[in-house]
Amino acid sequence: MSHGFLPNEFQNSDKIDEVIGLDLTLSAMGMTFCSHRFMPLILDNDDNNWSRRFFEEENRDNKRLKGTINGGNSDGGMSRNGSNGSLSSLSSLHFRDHILTYSKRYLAAEAVEEAAAAAAAMAAGYEENGVQEDETAYGMRLVQLLIACAEAVACRDKSHASALLSELRTNALVFGSSFQRVASCFVQGLADRLASVQPPGTAVGRVQLPPVMNIMDIMSDSDKKQEAFRLVYEICPHIKFGHFVANLAILEAFEGESLVHVVDLGMTLGLPQGHQWRHLIQSLAATRGGAGKPHCIRLRITAVGLCVDRFDVIGKDLKTYAKSMGINLEFNIVESNLENLKPENIKVSDDEVLVVNSILQLHCVVKESRGALNSVLQMIHELSPKLLVLVEQDSSHNGPFFLGRFMEALHYYSAIFDSLDAMLPKYDTRRAKMEQFYFAEEIKNIVSCEGADRVERHERVDQWRRRMSRAGFQATPLRLMSQAKQWLGNNKVCEGYTVVEDKGCLVLGWNAKPIVAVSCWKC
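All values derive from a computational prediction rather than experimental measurement.

Rules of the game
Residues numbered from 1 in each chain as written. Predicted model: local features only at pLDDT ≥ 70, side-chain atom pairs only at ≥ 80, totals over all residues. Heavy atoms only, no water. Pairing = 2+ DSSP bridges. Helix = DSSP H or I, 4+ residues; strand = E, 2+ residues; numbered from the N terminus. Bend = angle between axes of the 7 residues up to and from the residue. Buried < 20%, exposed > 50% of the residue type's maximum accessible area, 1.4 Å probe, protein only. Polar contact = N/O pair within 3.5 Å; in protein donor to acceptor, adjacent residues only side chain to side chain. Right-handed = clockwise from strand over helix to strand, strands pointing away. Salt bridge = Lys/Arg side-chain N within 4 Å of Asp/Glu carboxyl O.

Caption draft 1: Representation of the pairing of strand β3 (residues 328–335). As judged from the 8 bridges shared by strand β2 (residues 298–305) and β3, these two strands associate in the parallel manner. Bridge pairing in β3 places Arg 300 opposite Glu 330.

Caption draft 2: Just helix α18 (residues 429–448), in detail. At Ala 440, α18 is deflected by roughly 40 degrees, the largest bend along its length. Burial runs high along α18: 16 of the 20 residues are buried. Its side-chain oxygen 2.8 Å from the backbone nitrogen of Arg 430, Asp 428 forms the N-cap of α18.

Caption draft 3: Highlighting the pairing of β2. For β2, the buried fraction is high: 7 of the 8 residues fall into the buried class. The pairing of strand β1 (residues 259–265) with β2 spans 7 bridges and is parallel. Opposite Leu 259, over in β2, you have Arg 298 as the bridge partner. Handedness of the β2-helix α15 (residues 308–324)-β3 crossover: right-handed.

Caption draft 4: Quick peek at the pattern of salt bridges. The tally for this structure, following the rule as stated, stands at 24 salt bridges. With a shortest N-O distance of 3.5 Å, Glu 330 and Lys 347 are connected by a salt bridge. Taken together, the positions of Glu 330 in strand β3 and Lys 347 in the loop between β3 and β4 (353–359) put the pair 17 residues apart, joining distant regions of the chain. Between Glu 459 and Arg 467 there is a salt bridge, and its shortest N-O distance comes to 2.6 Å. Neither Glu 459 nor Arg 467 differs from the other in exposure class; each is buried.

Below, the structure is given as structure tokens:
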């Protein structure tokens, strides 16, 4: 449905839901702002004058709007008489401008509240560890600087942003506290975004980048980044958890079948050795010849992506491993990104059971409009898989406003860096490699890139439910909570990680902050 009062960037249902669904009343926003005990510290800082301006403009605009509405037939007012009064009033009130103004301010309010919450959590952590109050104030100052710098960058205030970046570089240390370390990554992203800012009216030609499918395609030219990704897989439970739950769901779909086919979108970012499929082969081999269970005769895996050389190495290793386990493996490669993938590219047999596996992939085709993702989901639907397994980061890093994305990402990656603090010693070089060569790349992509260059477009599990439902998929609840909790215990995952069930999805989180979510879908 078209909404004439919204600009082009909001002419899709996702953005309309986000904008129109906002509670734009001044009282609600005021209560949100004033509810946190750390807010006075943030609002009193000179670098956060934008927060005070927010309140002043909010009060002024709210009074103006109320006066206009209550002004009867005064100039620019809302006519209460006549059948066409309401239509003319929308034009007179410039309703489009009000919607955009209030929605931006609402998200700014959310951003400041997130900052306050993060600061409170950080302060609580300091107090728990017996650190002096001046360190708490130091952490609060770092939060304030980051918010102020993000706002200056968003406003294209290069001189003010540059000054703040200079101070941030002095305080955001790669080997400091968890928040200092995550701040250093956001400083890199802000600096890159500021460097791309051009004066108003300047025409800038976009450099045409080679096609990419995910963040690892961008980082594939660096051995350090490949090593960092390997360490993330080995040390962090995020991807391994997704593999474990996905394989359980796949095995359930394959039960009693003799010819099974998995289409792996992205082949888990080209992770060496094909860990997920080694574990699946082990499980399939364990069920062969069991009483009353037909054994798996053939397994077919189709890898979809652009890293053909890496996929070829993975395929050869998997075929050798499968043969040693008594499984006949056929490995195929389709060289294509998801947006150009066609159903005819996938070799499918009538007598096989097909499952599509997507590990941290589909968020990369979520663009400003839903066209790209809808096209990919329609293609998958045409394949008629018995199951689509979806593993995605559970966070909102694809909102329409930069400041909202920035604050959401800061909260999300602060949790990840905090978990790394609990798992590794302070000066462990492995942690530095993961943070600076893997997570920092994701952060920089979220913070500094726009358009086709921004591929890290993570969304919450509720948003994925809406997208999948609109594409014609039905949710298949995962009843694997006991197995997931047992997996956490058996793998000695760091205390603080938890698994919860969310409307049929399984979500792995750190201290109640969702990190990754696994869901299953059928046509």
